Protein chains: 2
Amino acid sequence: MTAEYAQRLTRVPQSFIREILQVTLDPSVISFAGGLPNAATFPVTELAEATQKVYQSQGKGALQYSTTRGLPELRQHIATDLKQRSGLDVTADDILITSGSQQGLDLIGKVFLNRDDPVAMERPGYLGAIQALSVYEPNLMAIPLDEQGLEVQALDLMLNHAAPKLLYTVPSYQNPSGISYSEARRREVADRLKNEDIVLIEDDPYGQLRYDGDEPTLLKSLLPDKTVLLGSFSKTVAPGLRLGWICAERDILDKLALVKQATDLHTSTLNQQILLQYLTDNNLDSHLQQVKAVYRQQRDTMIDALECYFPKDVHFTRPQGGMFLWITLPQGVSSLELFGLAIKEKVAFVPGTPFYVDGGGENCLRLNFSNADPNRIDQGIRILSECLVRIGQDGNTTTELY
Amino acid sequence: MTAEYAQRLTRVPQSFIREILQVTLDPSVISFAGGLPNAATFPVTELAEATQKVYQSQGKGALQYSTTRGLPELRQHIATDLKQRSGLDVTADDILITSGSQQGLDLIGKVFLNRDDPVAMERPGYLGAIQALSVYEPNLMAIPLDEQGLEVQALDLMLNHAAPKLLYTVPSYQNPSGISYSEARRREVADRLKNEDIVLIEDDPYGQLRYDGDEPTLLKSLLPDKTVLLGSFSKTVAPGLRLGWICAERDILDKLALVKQATDLHTSTLNQQILLQYLTDNNLDSHLQQVKAVYRQQRDTMIDALECYFPKDVHFTRPQGGMFLWITLPQGVSSLELFGLAIKEKVAFVPGTPFYVDGGGENCLRLNFSNADPNRIDQGIRILSECLVRIGQDGNTTTELY
């Protein structure tokens, strides 16, 4: 090695989740760690058929370079769907196709962030966003969540004292907490932001995975000009295609397209054609009904198991959608210690601290319920509860709690 | 719009090429502008068969999230091939899969560049690299090329006075000039760099498209520790898959993997599986023989037409490989003016100035010969020569030349 690395590397955290994923490649491990969809829900046959059609009808065209913003027909499909689902007045020209919505975060960092720019996000917050934005060396700050969404008083304080340039949120079925902003809170947040010089990032990968409750209102529809909305097909169709999208005001979208071009020219033509064909030939809503039935059952199994096996002083969220729930152990109980015990028993999860940009979360953990079947969920939660009891019995600082 | 964009946006040039691509979507335009492979060479049937096999044998697995560095078997295939072709002592652990080799440039910028870091590149240089690296706000400087490669005296001056952190090169069948470094020049360049604190970026998307001359030696094999080698399947298989790779020293590769994860998690699982299956079931060398036969004929047609139609005081390169040749008009003749005339006659190319980071190239242009058949190449060059004559006849500043 003969040249120094860029300073930004000191700011980018290694993803603890990706590290854990290595461990959880062992199929005997019950993993609540990753954010993987259940592969059993993937529409393999339909995608295989769509792919065959693409080769037959497009042939060479599906294998050639294509435009930076993405296939016009796919962008139109996304815009139409968004209009139907959310009433947003958008067209293909308001959509940019990205290589997964993670790429959307990278492009947003590129377009908006100078070093030390103040950026606000949720606490706990999505680790992938912390990673993606950290590359651009912002001053990341966190606003606590309660079960209704961003705490408005803390938001007010942040807006008044730190003047964040961006506010990054996952309002529906949040990663990692599983909470969803209430309708009232969505309106309060939008109201607070409407006169601020701020761009609101609304990351919505889980919005279509709703198991109970009402259809949430998109913040984008409450604050259309200020909101950059990120969507993904990773949770609705399949993540291995790496297809997501950004919906934003035209001028912002132009800038995002400029840096998208510098970043990877464009997203795979073949994958865009496959997805377009799949969406044309199939009813995504029917598919989602099946996916949601599976995840609803897995969520219910996890909640039942937590209620059955876990001590009463452990708090957990009860998500109405998405893929995660969030556990708060009694103060002083270390989720990292629990992780150490659990991984020996072949159960994995993500301890809380990586989701906190400003410290905290030592007694918290994230559980994923989308990737294990009900039997394994029940078994895994039982093992976790046994490990939790052992933390007490081993005579460490937390004995008084059990 | 309610927030300021990042300063870096002022440094990222719009790609003139991408702008032109919009014009050249009109099929009646003869385009020498883009860098598109001839789609007639794409192995559509073989890729369709490989894809079907992937769905049958991998199914769900091909549609799930996968590891950031890429499929181990694909990385192994690339390493083995690189070892056979170039004698490089590399394994799968030395390879990172990227979403096209354009992404490799973005990742390199992320890993190495602080604002205003000195970075050297070729003059004329690859526009995509100028764009990708500009995002990280380096001080881009250029070292002139002659027909043997980087001018060594200018390289010496640059090394002594500017101490560039990176040197970006396309040593084989360069974009945009079409020149290829001679063996002697490769050794001289490597010799000059061996005691410098510098990282050499060797971008090699065209290395396997050789029509005449000897197999070039990779700079990576002359300076293994200092060189980051970028490869691509866009020109050998199909660009629509967006698959490239980086081969670098382990510590650098770890850093590239860290930022790759932040940037897009990983490259499409499906596309990696398709490519792996294709490479396993087919002989890439046989395919390349066919591709090269097509491009060799197209290159020969273009050179013959230039010799036949163009004035003798127009200089052009005679590439031994790749997809481009470079034209130098007599001093004072504007390639932008030629472009204006030619596009009215439905012939497109890229004027020279975007390839110069420090000014110049007004009388130069890049011609692509990979994307048009011989008849259209002959016709297009004839039209260009007629436009060139008209520049003289229209009585502008360059009349004395024609």
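Coordinates for the structure precede this section.
Here the structure is a predicted model, which means the values were calculated and not measured. (Residues numbered from 1 in each chain as written. Chains lettered and ligands numbered in written order. Predicted model: local features only at pLDDT ≥ 70, side-chain atom pairs only at ≥ 80, totals over all residues. Heavy atoms only, no water.)

(A) Layout of the packing of aromatic side chains. A full pass over the atoms with the stated rule returns 12 aromatic pairs over all chains. Three or more aromatic residues link up through ring pairs in this structure, and these residues are Trp326, Phe355 and Tyr356 of chain A. (Phe/Tyr/Trp six-rings, centres within 6.5 Å; stacked < 30°, edge-to-face > 60°.)

(B) Main features of the interface of chain A and chain B. Facing the 82 residues of chain A at the interface are 82 residues of chain B. Between chain A and chain B, the buried area comes to about 6,800 Å², and carbon and sulfur atoms account for 59% of it. The tally of links from chain A across to chain B stands at 2 salt bridges. Here aspartate 106 of chain B and lysine 110 of chain A are joined by a salt bridge, their closest N and O atoms 3.0 Å apart. In this structure, the connection of chain A to chain B is made through 41 residue pairs in polar contact (both at pLDDT 80 or more). At the level of elements, α1 (16–24), α2 (44–57), α4 (101–112), α5 (127–134), α9 (250–264) and α10 (269–281) of chain A are the ones that each hand at least two residues to the side of chain A that touches chain B. At 9 residues, the largest contribution of residues to the side of chain A that touches chain B is made by α9 of chain A. Classifying every residue of the side of chain A that touches chain B gives 37 nonpolar, 29 polar and 16 charged. (Contact = heavy atoms within 4.5 Å. Buried area = accessible area lost by both parts, 1.4 Å probe. Salt bridge = Lys/Arg side-chain N within 4 Å of Asp/Glu carboxyl O. Polar contact = N/O pair within 3.5 Å; in protein donor to acceptor, adjacent residues only side chain to side chain. Helix = DSSP H or I, 4+ residues; strand = E, 2+ residues; numbered from the N terminus. Nonpolar A, V, L, I, M, F, W, Y, C, P; charged D, E, K, R; others polar.)

(C) The sheet that holds strand β9 (residues 244–247) of chain B, seen in detail. Residue and element names in this part refer to chain B. Read across the open sheet, the 8 strands follow the order β2-β9-β8-β7-β6-β3-β4-β5; overall the sheet is mixed. Only two strands of the sheet have a single partner each, and these edge strands are β2 (95–98) and β5 (149–150). Alignment of strand β3 (residues 118–123) against strand β6 (residues 166–169), held across 3 bridges, turns out to be parallel. By the bridge assignment for β6, methionine 121 is matched with tyrosine 168. Where helix α4 (residues 101–112) meets the sheet, it contacts β2, β6, β7 (199–203), β8 (227–232) and β9, and its direction lies at approximately 155° from that of β8. (Pairing = 2+ DSSP bridges. Axes fitted to C-alpha atoms, helices over the stretch in contact; angles between N-to-C directions.)

(D) Structural context of the packing of helix α6 (residues 152–162) of chain B against helix α7 (residues 183–193) of chain B. All names here are of chain B. Closest axis-to-axis distance for the α6/α7 pair is 11 Å, and the angle between their directions is 15°. Our classification of the angle between α6 and α7 gives roughly parallel. Viewed along their axes, α6 and α7 form a crossing whose handedness is right-handed. Taking contact as the criterion, the partners of Val152, Leu155, Asp156 and Leu159 in α6 are, on α7, Arg185, Glu188, Val189, Arg192 and Leu193. (Parallel < 35°, antiparallel > 145°, perpendicular 65-115°, else oblique. Left-handed = near helix turned anticlockwise from the far one by under 90°.)

(E) Representation of the pairing of β8 of chain B. All names here are of chain B. Of all the 6 residues making up β8, 6 are buried; the element is thus mostly covered by neighbouring parts of the structure. The alternating pattern of β8 places Thr227, Leu229 and Gly231 on one face and Val228, Leu230 and Ser232 on the opposite face, and all of these are buried. Note that β7 and β8 share 4 bridges and pair parallel. Note on β8: the bridge partner recorded for glutamate 202 is leucine 229. Pairing geometry for β8 and β9, over 4 bridges, is antiparallel. Note that in β9 the partner of glycine 231 across the bridge is tryptophan 245. (Buried < 20%, exposed > 50% of the residue type's maximum accessible area, 1.4 Å probe, protein only.)

(F) Geometry of the sheet that holds strand β3 (residues 118–123) of chain A. Residues and elements named next belong to chain A. Taken in spatial order, the 8 strands of this open sheet run β2-β9-β8-β7-β6-β3-β4-β5, and their pairing is mixed. A single partner strand is all that each edge strand has here, and the edge strands are β2 (95–98) and β5 (149–150). Pairing of strand β4 (residues 139–146) with β5, which is carried by 2 bridges, proceeds in the antiparallel orientation. Looking across to β5, one finds that aspartate 146 is bridged to glycine 149. Across the face of the sheet, helix α3 (residues 72–86) comes into contact with β2, β8 (227–232) and β9 (244–247) while running at roughly 115° to β2.

(G) Focus on the pattern of salt bridges. Applying the stated rule across the entire model yields 56 salt bridges over all chains. For the salt bridge of aspartate 281 of chain A with lysine 53 of chain A, the shortest nitrogen-to-oxygen distance reads 2.9 Å. Residue aspartate 281 of chain A is located in helix α10, and its partner lysine 53 of chain A is located in helix α2; the two are separated by 228 residues in the primary sequence. Between arginine 187 of chain B and glutamate 183 of chain B there is a salt bridge, and its shortest N-O distance comes to 3.6 Å. Residue arginine 187 of chain B and its partner glutamate 183 of chain B are both found in helix α7; the two are separated by 4 residues, about one turn of the helix. When its relative accessible area of 29% is taken as the criterion, glutamate 183 of chain B is described as partly exposed. One salt-bridge network, held together by shared partners, links Arg11, Arg115, Asp116 and Glu137 of chain A.

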